[in-house]
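Working through the structure, step by step
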Amino acid sequence: NVTLNLDATGAATLTTGLVDNSSTDNCSITSRVLSKTAFACNNVGLNTVNMVVTDNSGNTKSCTSNVTVVDTISPVALCQNVTLNLDGTGNGTLTVGMVDNGSSDACGIASQVLSQTAYNCSDVGVNTESMVVTDVNGNTMSCTTLVTVVDTISPVALCHDTTIHLDVAGSAGLTALEIDNGSSDACGIASQV
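These remarks concern the structure in this document. Just so you know, these numbers come straight off a predicted model, no measurement behind them. (Residues numbered from 1 in each chain as written. Predicted model: local features only at pLDDT ≥ 70, side-chain atom pairs only at ≥ 80, totals over all residues. Heavy atoms only, no water.)

Our focus in this paragraph is the overall build of the protein. Summing up its helical and strand segments, the protein has 3 helices and 12 strands in all. On C-alpha atoms alone, the protein measures out to a radius of gyration of 35 Å, which is more than a quarter above the 16 Å that the 2.2 N^0.38 rule sets for 193 residues. On the principal axes, the C-alpha backbone points of the protein span a range of 130 × 20 × 20 Å. Partitioning the contacts of the protein with sequence separation of at least 6, the portion at a separation of at least 24 is 52%. When the accessible surface of the protein is totalled, it reaches about 11,400 Å², and 50% of it is carbon and sulfur. (Helix = DSSP H or I, 4+ residues; strand = E, 2+ residues; numbered from the N terminus. Rg over C-alpha atoms; globule rule 2.2 N^0.38 Å. Contact = heavy atoms within 4.5 Å. Areas by Shrake-Rupley, 256 points an atom, 1.4 Å probe, with all protein chains shown as cover.)

In structure tokens:
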């Protein structure tokens, strides 16, 4: 019985040298032929392979081998850096499609999971995140991305009319709060001038 590892292309070749367990003949053996030699991702698991041994008189005998095909090759995880714009509510959503930069696996990718997907005003700036890629056979690999969260939404400035009275010197002061009519911003107002 043999365990056969797939390579990075998702292929493996079985040879008689791997299966033959010292077959003999009182004269000599002229050939050993396997019923299957090429294996791929769809063969992962237990496979039954026959080997037919032929001697120089044309006599044959066969035996059976259990060939366990395994995929131990991790996927290729590729990330790209992302700029994420917050919306008018101060929130943003990061998706795998934004981060993935061509991740691949010969046998196929089962899942791609980001360390964080929901962002808000407290995340403005550069954030280091990761993406874990898992292939269909449970092998994993991760990559790192820089997510630059930006707030490009202008605040809502609301004013109302007001009346001010001059003092005896002919002057008056006016503050932003006296004309503000509920100005707002999802990420907060820094100043009103």
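Taken in spatial order, the 4 strands make up an open sheet running S1-S6-S5-S3, and their pairing is mixed. Looking along the sheet, the strands with just one partner apiece sit at the ends: strand S1 (2–5) and strand S3 (29–34). Ignoring which end each strand starts from, the neighbouring axes of this sheet average 30° apart. (Pairing = 2+ DSSP bridges. Axes fitted to C-alpha atoms, helices over the stretch in contact; angles between N-to-C directions.)

Turning our eyes to something else, we now look at the packing of aromatic side chains. In this description, an aromatic ring pair is defined by two values, namely the gap between the centres and the angle between the planes. Applying the stated criterion across every chain yields a total of 0 aromatic pairs. In this structure, Lys36 is placed above the aromatic ring of Phe39, and the distance from its NZ or CZ to the ring centre is 5.2 Å. (Phe/Tyr/Trp six-rings, centres within 6.5 Å; stacked < 30°, edge-to-face > 60°. Lys NZ or Arg CZ within 6 Å of the ring centre and 35° of its normal.)

Enumeration according to the criterion identifies 3 disulfides in this entry. Shown here is the disulfide that connects Cys41 with Cys107, its sulfur atoms set 2.0 Å apart. Note on the Cys41 and Cys107 pair: the S-S dihedral is about -80°, so by sign convention the disulfide is left-handed. On the criterion of sequence distance, the pair formed by Cys41 in the loop between strand S4 (38–40) and strand S5 (45–55) and Cys107 in the loop between helix H2 (96–99) and strand S9 (109–114) is long-range, its members being 66 residues apart. (Disulfide = S-S within 2.5 Å.)

The full count for this structure, using the stated rule, is 1 salt bridge. The salt bridge involving Asp20 is made with Arg32; its shortest N-O contact spans 2.8 Å. Separated by 12 residues along the polypeptide, Asp20 in the loop between helix H1 (16–19) and S3 and Arg32 in strand S3 bring together distant segments of the chain. Arg32 sits in the partly exposed class, given a relative accessible area of 31%. (Salt bridge = Lys/Arg side-chain N within 4 Å of Asp/Glu carboxyl O. Buried < 20%, exposed > 50% of the residue type's maximum accessible area, 1.4 Å probe, protein only.)

Positive phi values are uncommon outside glycine, yet Ser22 reaches one of about 70°. Looking at the element boundaries, Ser22 is found in the loop between H1 and S3.

Attention now goes to the pairing of S1. Going residue by residue along S1, you find Val2 and Leu4 tucked away on one face and Thr3 and Asn5 left uncovered on the opposite face. One ladder, built from 4 bridges, connects S1 with strand S6 (residues 60–70); its direction is parallel. For Thr3, the partnering residue across the bridge sits in S6 and is Thr68.

Taken as a whole, the largest pocket holds about 180 Å³ of empty space. Lining the largest pocket are Pro155, Ala157, Leu158, Cys159, Ala176, Ile179, Asp180, Ser183, Ile189, Ser191, Gln192 and Val193. Taken together, the residues of the lining of the largest pocket sort by class into 8 nonpolar, 3 polar and 1 charged. (1 Å grid on protein atoms, 1.4 Å probe; cavity = no way out; pocket = protein on both sides within 12 Å on 5 of 7 lines; lining within 4 Å. Points joined across faces, edges and corners; volume = space filled by probe spheres on them. Nonpolar A, V, L, I, M, F, W, Y, C, P; charged D, E, K, R; others polar.)

Keep in mind these numbers describe shape, not what the thing actually does.
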